[in-house]
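# Notes for the structure review
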Amino acid sequence: MHPEPATDIAIDIRDVSFAYARPGAEPLVALERVSIQVRAGERLGILGPNGGGKSTLLKLMLGLLTPQSGSISICSRSARDARRARLVGYVAQRVEAELTFPISAREAVLMAIELGTPPWTGRSRASRDLAADCLERVGAEALADRPIGSLSGGQLQRVMIARALGRRPRVLLMDEPTVGIDPSGQQRFGELVARLRAELGLTIVIVSHDVRAIAAGCDRVACLSRTLHYHDAPAGLTPAVLAEVFKHDLAAVFGDVHMDAHRAAECDAKDHAHTHGPGCTHDHHANPHASPRGDGA
Ligand code: ADP
Ligand code: MG
């Protein structure tokens with residue numbers, strides 16, 4: 001296994017800015033001076049609108065993009081080194097193309113485990129055992145021989161998480177994990193995330209525009225719309241607060257969530273107003289426009 005990092009900060013993002021070059025136009029600034037520290041074993045949710053820079057931030061954390069300024073360290077290494085050392089698992093936003101790829105769930109996991117090994121060398125016993133273990137951890141052992149194209153959204157997602165686990169990561173990054181997942185699947189997703197953290201000690205970052213994905217599976221929440229509008233205040237935007245703000249959306253997923261209301265009420269608006277920057281749409285007081293779908297639900 002990997003040696004423990006010297007610090008309990010698993011992800012350290014400092015003052016990161018990133019802009020996409022555009023031919024014949026000004027660069028498009030996707031992220032501006034973003035800083036986030038995530039402790040080992042923490043589940044951080046990053047909530048933000050479409051185009052808010054969430055996927056860009058994950059690609060920076062994977063070392064697939066390089067910030068123009070600022071620094072990112074994952075388990076005390078550069079983002080790229082951490083990925084190459086298999087410290088980081090990644091569950092990409094669902095891609096329709098994957099659905100028609102003619103392989104079984106087991107094979108999809110094995111391919112990730114033996115990445116870089118030619119398939120004609122045959123799968124090792126150890127790889128097969130690890131694939132079985134990963135599928136079992138996500139509750140997908142019964143799906144092992146199913147073609148991935150035949151799986152439901154929730155089933156496919158669990159297999160994709162098993163794939164990411166096949167690299168035995170310390171850090172798991174997930175991009176819009178609840179897109180295309182039905183309500184019962186979303187609830188199972190939240191339970192799965194909690195279990196993975198408990199059993200494997202994973203540090204987990206979930207980015208989504210869907211508050212339900214964040215509320216179901218996170219300890220701490222940041223709000224990203226090019227800059228980070230909220231982070232790390234002790235009594236601020238917690239999943240409980242979100243549960244209150246978005247209770248109409250959540251009721252459709254979990255049923256009644258009023259049990260969280262008193263925790264939200266403890267958080268007096270004037271105590272944390274300074275931690276909310278301009279442009280952050282969350283509001284702890286009943287706000288009919290707070291729905292991320294903009295449908296006033
Ligand atoms: P999110 O994942 O929160 O929806 P993204 O990180 O995908 O946001 O995008 C942030 C901004 O960067 C958006 O304005 C988007 O149009 C732009 N963008 C994303 N990828 C590229 C790219 N490859 N080239 C140019 N602009 C991009
Ligand atoms: Mg995205």
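Everything numeric in this text was worked out from a predicted model, so none of it was measured.

## Side note on the overall build of the protein
- Along its length, the protein carries twelve helices and ten strands.
- Every one of the 297 residues in the protein was classed for burial, and the buried ones make up 47%.
- Taking as baseline every contact in the protein between residues at least 6 positions apart, the subset at least 24 positions apart corresponds to 70%.
- For the protein, the exposed surface amounts to about 14100 Å²; the carbon and sulfur share of it is 53%.

## Notes on the confidence of the model for the protein
- Of the residues in the protein, 72% have a pLDDT of 70 or more, and the chain-wide mean is 79.
- Predicted confidence is poor over residues 257-297, with pLDDT under 50, and the contacts of this stretch with residues over four places away or in other chains come to 55 contacts.

## Examining the site of ligand 1
- Around ligand 1, the surrounding shell consists of Tyr20, Leu28, Ala30, Pro49, Asn50, Gly51, Gly52, Gly53, Lys54, Ser55 and Thr56.
- At a separation of 3.4 Å, a nitrogen atom of ligand 1 approaches a polar side-chain atom of Tyr20.
- A distance of 2.7 Å is found between an oxygen atom of ligand 1 and a backbone nitrogen or oxygen belonging to Gly51.
- When the free accessible area of ligand 1 is taken as 560 Å², the share hidden by the protein chains comes to 61%.
- Those elements giving two or more residues to the shell around ligand 1 turn out to be strand 2 (25-39) and helix 1 (54-61).

## Some words on the sheet that holds strand 5 (residues 77-78)
- Read from one edge of the open sheet, four strands run 2-1-4-5, paired in antiparallel fashion. Each having just a single partner strand, strand 2 and strand 5 make up the two edges of the open sheet.
- Lying on the sheet, helix 1 is in contact with strand 1 (9-22), strand 2 and strand 4 (69-74); it crosses strand 1 at an angle near 115 degrees.

## Details of the packing of helix 6 (residues 153-165) against helix 7 (residues 183-200)
- Two elements in contact, helix 6 and helix 7, have axes whose closest approach is 12 Å; the angle formed by their N-to-C orientations is 20 degrees. The pairing of helix 6 with helix 7 is recorded here as roughly parallel in orientation. Read as a crossing pair, helix 6 and helix 7 show a hand that is right-handed. Facing helix 6, whose interface residues are Gln157, Arg158, Ile161 and Leu165, helix 7 presents Arg188, Phe189, Leu192, Leu196 and Leu200.

## Considering the nonpolar core
- In this structure, Ile148, Val159, Ile161, Leu172 and Met174 are the most contacted members of the largest nonpolar core, which totals 38 residues.
- Here this core gets seven residues from one element, more than from any other, and that element is helix 6.
- Filtering out sequence-adjacent residues up to four positions away, Val159 remains in contact with Ala105, Ala108, Val109, Leu135, Ala140, Ile148 and Leu151.
- Grouped together as the second largest cluster of nonpolar side chains are 31 residues, Ile13, Ala82, Leu173 and Val205 included.

## Digging into the pattern of salt bridges
- By the definition in use, this model includes 13 salt bridges.
- Two residues, Arg39 and Asp8, come together in a salt bridge whose shortest N-O distance is 2.9 Å. Taken together, the positions of Arg39 in strand 2 and Asp8 in the segment before strand 1 put the pair 31 residues apart, joining distant regions of the chain.
- Relative accessible area serves as the criterion here: at 44%, Arg39 is assigned to the partly exposed category.
- When the shortest N-O distance is used, the salt bridge between Arg197 and Asp219 registers 3.0 Å.

The rules behind each value
- Residues numbered from 1 in each chain as written.
- Chains lettered and ligands numbered in written order.
- Predicted model: local features only at pLDDT ≥ 70, side-chain atom pairs only at ≥ 80, totals over all residues.
- Heavy atoms only, no water.
- Helix = DSSP H or I, 4+ residues; strand = E, 2+ residues; numbered from the N terminus.
- Buried < 20%, exposed > 50% of the residue type's maximum accessible area, 1.4 Å probe, protein only.
- Contact = heavy atoms within 4.5 Å.
- Areas by Shrake-Rupley, 256 points an atom, 1.4 Å probe, with all protein chains shown as cover.
- pLDDT = per-residue confidence, 0-100.
- Near = heavy atom within 4 Å.
- Polar contact = N/O pair within 3.5 Å; in protein donor to acceptor, adjacent residues only side chain to side chain.
- Pairing = 2+ DSSP bridges.
- Axes fitted to C-alpha atoms, helices over the stretch in contact; angles between N-to-C directions.
- Parallel < 35°, antiparallel > 145°, perpendicular 65-115°, else oblique.
- Left-handed = near helix turned anticlockwise from the far one by under 90°.
- Core = buried A, V, L, I, M, F, W, Y, C linked by side-chain atoms within 4.5 Å.
- Salt bridge = Lys/Arg side-chain N within 4 Å of Asp/Glu carboxyl O.

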